[in-house]
Structures are given as structure tokens and as C-alpha cells.
Amino acid sequence: MNQSTDDRPPPPNPVLTAYQGFVSDTPLVTRYSFSTIVMSYFASFFVDPSFALSNIPYFTIFRFELYRLVLSPLLCTSLLSLVFAYLSFVENGKRLEYSMGSVQFLVLLVTVGLSVNVAFCIISAALYFATGSQGYLIAGSESIWIVLLGLIAIECSKAPQDTVRKLFIFNVPVRYYPLAILALFSLLSGYKMSYGLSVAVGYAYGFDKLNFLKIRSSTTQRWESAEGCLTNFTSRPGWIYGQNATGTGAWNDTQRQGQDGGTQWQPTSFFRGQQTSEAAAGRTNNSNEGASLRAPGKTKKPSFFTGGGQTLGSAESGNAGGSSIQSGNAGGSSSVDARAARLAAVERRSNANTKSDVRRESEV
């Protein structure tokens, strides 16, 4: 008994299982970005990464520390920000990376974060020279939200106009959903100029006002080729090639009818809506075919008889001769009637014999 217990495999590690599921379900760029955010959060227990990597105009402009423009969106020093980054960035990143491809999504992350930080530095420097207040030079722009708000604005600008998205208990038109989130953040923690710039950049990117920042498909193919600069990443799990991207189909089949009669957009149903129209049509045909096999038509329920083998034999012979179940049942019914008549005759004779025996005994 103890030997059989020791031979059992150890129970799976829930943390390892969750991580393996995250790796298998999340595209590469989204997975690497969020992993870097998690590492920066744990690094904040030992050092202060904000002072070294945050986009502070004084260091970025006057010290020429340009790396801050790219690395500041990957900072995370709050557990609450980490949780919301997982709930929001991972889901939005999945949809956008599947719709654009890994190269295009990587360029999108860099260009949105870089555009927000450059605009932040320019406006802060202009306000400093206009007012003389040094507070504009030491204000920082950091965290994944300066990219995430832009991604949400891009996603909402690509969604159908007549759709809504739920924010707590309120249905917000999808085009104004990023503004609603910005207003909520401003009420909770005060207005941050970098967040407003992120929403503005997202709208401009989504409405094709920043097309000059996008790269061509030929450039994507060149980077993904065997001699390209990203060839070491293309063979890793989760890489989405440009030719395999779903494009605008990433937002198909993500609508449903709301309770108020309007159309409600559900971003979390993105992976359930990946099937093409041909696959859906094939699935419908298969279901119809299965229904026709399961429901051949209304047939009369066969009656089951009790008695000897003659009744069953008559029914089987009727079916073997090519007659239907109903005709077999009819033949079986006639044989039952004949058998019942014979039984009734035997019963009458037995009753008559019984009466005669009683009469003799009475005479004796």
C-alpha cells in the first residue's frame, strides 16, 4: 500500500501550471513586455528604478539620457498597477498582436511610448520656459499606462461606431471609452499630462493620422526573414508572423446585443471570434447534417408484446420481408388477436369442465 502511494506522481505546481498556460496563450511581444514589468516591480523592493529610468525632462533633455524615452513605460512600482496591467495590458496586447503581427505590435508599442514621452518633454520644456517653474522639468512620465491608454484608444477607434463598452455599471460609447477611463483616473489620483497625451496619441494612431510611423509589410518580412534582425525571435513560441495576422478580422464577431437594445462590444470574446465565415458556415452545415441524422422523421413507437415466440417471429418475418415497422406491428396485432381468441376458447372450455365437475359432486 505504501509502495503504491509512493509511486504516485507529485501534484502539479499551480504556479508553474499558471505560467505555462500564460506562455501558451500569450503572444511573444505581449508576454515579454509584461514579464519585464513584473521584474521591474520586484526590483523596486531593492532599488528605485523610477529615478534611473523614468522620463524626467531635466535628465532626458539637459543630460541627454534618451534611453528614458523608451524604457519608462516598462516601470512598475505598485502592486495595484501590476494587477491592472495584467488585467488590461495582457488582454489588449493579445488582440492587437494577433491582429497586427508581432513586428507591427512591437513597433506600435515603441512608437506610442516614444511619441508620448517626446510630446511630454516638449510640452514640459515649453511650460518651463514660459513660466519659469522648474516643477515641469522634474515631473516624471512612467508606467505601462502611458502605452496602455494609447492602445485602448487605438482599439476603441477601430471598433464599430454603434457599440458600447461597460465601465462598472455604465454603458459608455466605445469611441469615448478611453476618455471615460482618463476621467476616472483623474478623479482617483489627479490629472497626469502623460495619460492625456497617451489617449491623444492613441486616437491619432487609430484614425490614421500617424501613418508615417508605421512600417511597411516588406520591412516586416525583411526583419522576419532568415537574415533579418529578428530571426532569433521568430522561432520562439508565440511569435505571430505578419502574413498570419488576422487584420481587421480581429474585431469581427465581438459584438452582441445589449440589454437596452444596443450593441455591446465584448473585447474578452476576441479568441472566441477567431473563426472565419467559411468555418462558421461549415459548422452550421455540420450541425444541420447531424440534426438530419438524429431526426429522420416521426415514426410510430413500436409496441412490445408479452407472450411466446410466435408473436415476435411474426413481427420479424414482416420486417425481413421488406415491410415497415408499422406493417410488422399490424401483423403482430392480428396474431395476438388470434392467440387471444384461442385463449378465450380454452378458458371457456375449462370453465365448462369446471362447472360439470361441480354438478357431479353435488349430485353425489
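Keep in mind that this is a model prediction, so the values were computed, not measured. (Residues numbered from 1 in each chain as written. Predicted model: local features only at pLDDT ≥ 70, side-chain atom pairs only at ≥ 80, totals over all residues. Heavy atoms only, no water.)

**Section: the overall build of the chain**
Per the secondary structure count, the chain includes 17 helices and four strands. Among the 364 residues that make up the chain, the fraction classed as buried is 35%. Taking the contacts inside the chain whose residues are at least 6 apart along the sequence as the reference set, 67% of them involve residues at least 24 apart. For the chain, the accessible surface area stands at approximately 22,200 Å², while carbon and sulfur atoms represent 60% of it. (Helix = DSSP H or I, 4+ residues; strand = E, 2+ residues; numbered from the N terminus. Buried < 20%, exposed > 50% of the residue type's maximum accessible area, 1.4 Å probe, protein only. Contact = heavy atoms within 4.5 Å. Areas by Shrake-Rupley, 256 points an atom, 1.4 Å probe, with all protein chains shown as cover.)

**Points about the layout of surface pockets**
A water-sized probe, rolled over the atoms, reveals where empty space remains. Taken as a whole, the second largest pocket holds about 380 Å³ of empty space. If you trace the second largest pocket, you find 20 residues lining it, with Ser33, Leu74, Leu106, Leu109 and Val110 closest to the centre. Here the lining of the second largest pocket is composed, by residue class, of 17 nonpolar, three polar and no charged. (1 Å grid on protein atoms, 1.4 Å probe; cavity = no way out; pocket = protein on both sides within 12 Å on 5 of 7 lines; lining within 4 Å. Points joined across faces, edges and corners; volume = space filled by probe spheres on them. Nonpolar A, V, L, I, M, F, W, Y, C, P; charged D, E, K, R; others polar.)

**Digging into the pairing of strand E2 (residues 170–173)**
Strand direction decides the pairing type here: strand E1 (residues 163–167) and E2, joined by four bridges, are antiparallel. Across the sheet, residue arginine 165 finds its bridge partner in E2, namely valine 172. What sits between E1 and E2 in their antiparallel hairpin is a turn of two residues, with phenylalanine 168 showing a positive phi close to 60 degrees. (Pairing = 2+ DSSP bridges.)

**Overview of the pattern of salt bridges**
Applying the stated criterion to the full structure yields three salt bridges. Here glutamate 65 makes a salt bridge to arginine 68, at a shortest N to O gap of 2.5 Å. Residues glutamate 65 and arginine 68 agree in their burial class; the two are buried. A salt bridge links arginine 95 to glutamate 155; the nearest nitrogen and oxygen atoms lie 2.4 Å apart. Taken together, the residues span a long stretch of sequence, with arginine 95 in helix H7 (residues 79–100) and glutamate 155 in helix H10 (residues 145–158) at a distance of 60 residues. In this pair, the class of arginine 95 matches that of glutamate 155, namely buried. (Salt bridge = Lys/Arg side-chain N within 4 Å of Asp/Glu carboxyl O.)

**Observations regarding the packing of aromatic side chains**
As enumerated under the stated definition, the model contains 12 aromatic pairs in all. Judged by centre distance (5.3 Å) and plane angle (75 degrees), the rings of tyrosine 41 and phenylalanine 45 are edge-to-face. Taking relative accessible area as the criterion, phenylalanine 45 reaches 54% and is therefore assigned exposed. Connected via pairs of aromatic rings, a cluster forms that spans Phe51, Tyr58, Phe59 and Phe62. (Phe/Tyr/Trp six-rings, centres within 6.5 Å; stacked < 30°, edge-to-face > 60°.)

**Some thoughts on the side chain of threonine 60**
Position of threonine 60 among the secondary structure elements: in helix H5 (residues 57–62). Among residues more than four places away in sequence, those in contact with threonine 60 are Asn55, Glu65, Leu66, Arg68, Leu69 and Cys121.

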